[in-house]
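Structure at a glance
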Amino acid sequence: MKQIYKNIVQSVSSGEKLLAVLIDPDKFQIEHTPAFISKVNASIATHIFVGGSEVEEQLTDILVNEIKKHTQLPIVLFPGDVTQITNKADGLLFLSLISGRNPEYLIGKHIKAVSKLKGTQLDIIPTGYLLIENGKETAVQRVTQTQPMPKNNSEHIVNTAKAGELLGMKLIYLEAGSGACEPISESIISKVKSELNIPLIVGGGIRSKTQMNAAYQAGADVVVIGTAFEEDESFFDSLKK
């Protein structure tokens, strides 16, 4: 088993900032994998996340298998559903949507996942997942039928993140949503980070190196970028090693 979480903690404690490239199997053309992953390999990316809100069964398995042929980077599942679990990946964010109150996404899906996770070699990482409003409805919001947290109530966001940590979550993930109009504010990131003793992931709406660095400076340990690469692969040119 690859020790994904242990390596994240070690990187964070040494001051290293991590970048995960998010690939949505539903939007990605598998024949494009070699060319895309070569750009990922040439960039400062440290992880590849694979997943989406709505993905056909077997698609994740096929894509992860193909990505593995072209990179040594750890591949971490970011599953929107049980059908996206594959033992071919290295790790899995076991996401609990603690910003919402839909029991299926707090614990229900997790129970259904157990039979698929038994016997896998995945490094399973309990992750508190918070959806923050960004100006438009996201796929996460639609699929989970939960409301995002109002961005003007930072105290509630901080308390929710801290509650996740106290419940035993090993990571907190602040999510603006795929294709968000704007990323999570630096103020929210900073306030959340100041209360946590576990690594903080920030994703959604980050479309430039400046926005990425702003998230890092505010306290993000891991930044996740997906849509920006889907829309414009030249973005990789600004993130070369």
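As the structure is a computational prediction, the values presented were derived from the model and not from experiment.

1. A short note on the UniProt feature "binding site: Mg(2+)" (unreviewed entry) in the protein
Per the UniProt annotation, the sites labelled "binding site: Mg(2+)" (unreviewed entry) are D24 and S53. A maximum C-alpha distance of 8.5 Å among these annotated residues, which run over 30 residues, shows that they cluster at one spot. Here D24 shows up in the loop between β1 (18-23) and α2 (33-41). Using a relative accessible area of 11% as the deciding quantity, one classes D24 as buried. Apart from the residues lying within four places of it in its own chain, the contact partners of D24 are G51, G52, V55 and E230. A polar side-chain atom of D24 sits 2.9 Å from the main-chain amide nitrogen of D26. Along the polypeptide, S53 turns up in the loop between β2 (47-50) and α3 (59-68). Residues contacting S53, with those up to four places away along its chain left out, are Q84, A139, V140 and V143.

2. Quick word on the side chain of T227
With respect to the element layout, T227 can be found in helix α9 (residues 227-231). Owing to a relative accessible area of 14%, T227 belongs among the buried residues under this scheme. Within the structure, T227 has its side chain in polar contact with the side chain of S178 (distance 3.2 Å). Of the polar contacts made by the side chain of T227, one reaches the backbone nitrogen of G179; its length is 3.2 Å. With near-sequence residues (within four places) excluded, T227 lies in contact with S178, G179 and R207.

3. Side note on the pairing of β1
Buried residues dominate β1, accounting for 6 of its 6 residues. Along β1, one buried face is formed by L18, A20 and L22 and the opposite face, lined by L19, V21 and I23, is buried too. Of the pairings in the sheet, the one linking β1 to strand β8 (residues 222-225) comprises 4 bridges and is parallel in character. In the strand pairing of β8, L19 is matched with V223. Across 4 bridges, the pairing between β1 and β2 is parallel. Paired with A20 across the two strands is H47, which belongs to β2. For the crossover from β1 across α2 to β2, the handedness is right-handed.

4. A few points about the pairing of strand β6 (residues 171-175)
For β6, the tally of buried residues reaches 5 of 5 residues, placing the bulk of the element in the interior. Relative to β6, strand β5 (residues 123-131) runs parallel, the two sharing 5 bridges. Across the sheet, Y129 pairs through a bridge with Y173, a residue of β6. Looking at chain direction, β6 and strand β7 (residues 200-203) are connected through 4 bridges and run parallel. Looking across to β7, one finds that Y173 is bridged to I201.

5. Points about unusual backbone geometry
Here Q58, not a glycine, exhibits a phi torsion of approximately 80°, which is positive. Phi angles above zero are rare outside glycine, and Q145 is one such case at about 55°. Within the fold, Q145 resides in the loop between α5 (139-144) and α6 (154-166). Assessed through its relative accessible area of 70%, Q145 is described here as exposed.

6. Details of the UniProt feature "binding site: sn-glycerol 1-phosphate" (unreviewed entry) in the protein
Mapped onto this numbering, the UniProt entry gives "binding site: sn-glycerol 1-phosphate" (unreviewed entry) at Y173, L174, E175, A176, G177, S178, G179, G204, G205, G226 and T227. When you line up the elements, E175 lands in strand β6. Beyond its immediate stretch of four places on either side in the chain, E175 contacts F78, Y129, L130, L131, I132, I184, G203 and G204. Along the polypeptide, S178 turns up in the loop between β6 and α7 (186-195). By relative accessible area, S178 is classed as partly exposed at 38%. Contact partners of S178, with chain neighbours within four places excluded, come to K27, K136 and T227. In terms of polar contacts, S178 uses its side chain to reach the side chain of K27, at 3.3 Å.

Thresholds applied
- Residues numbered from 1 in each chain as written.
- Predicted model: local features only at pLDDT ≥ 70, side-chain atom pairs only at ≥ 80, totals over all residues.
- Heavy atoms only, no water.
- UniProt positions renumbered as here; feature names shortened; annotations may be inferred.
- Helix = DSSP H or I, 4+ residues; strand = E, 2+ residues; numbered from the N terminus.
- Buried < 20%, exposed > 50% of the residue type's maximum accessible area, 1.4 Å probe, protein only.
- Contact = heavy atoms within 4.5 Å.
- Polar contact = N/O pair within 3.5 Å; in protein donor to acceptor, adjacent residues only side chain to side chain.
- Pairing = 2+ DSSP bridges.
- Right-handed = clockwise from strand over helix to strand, strands pointing away.

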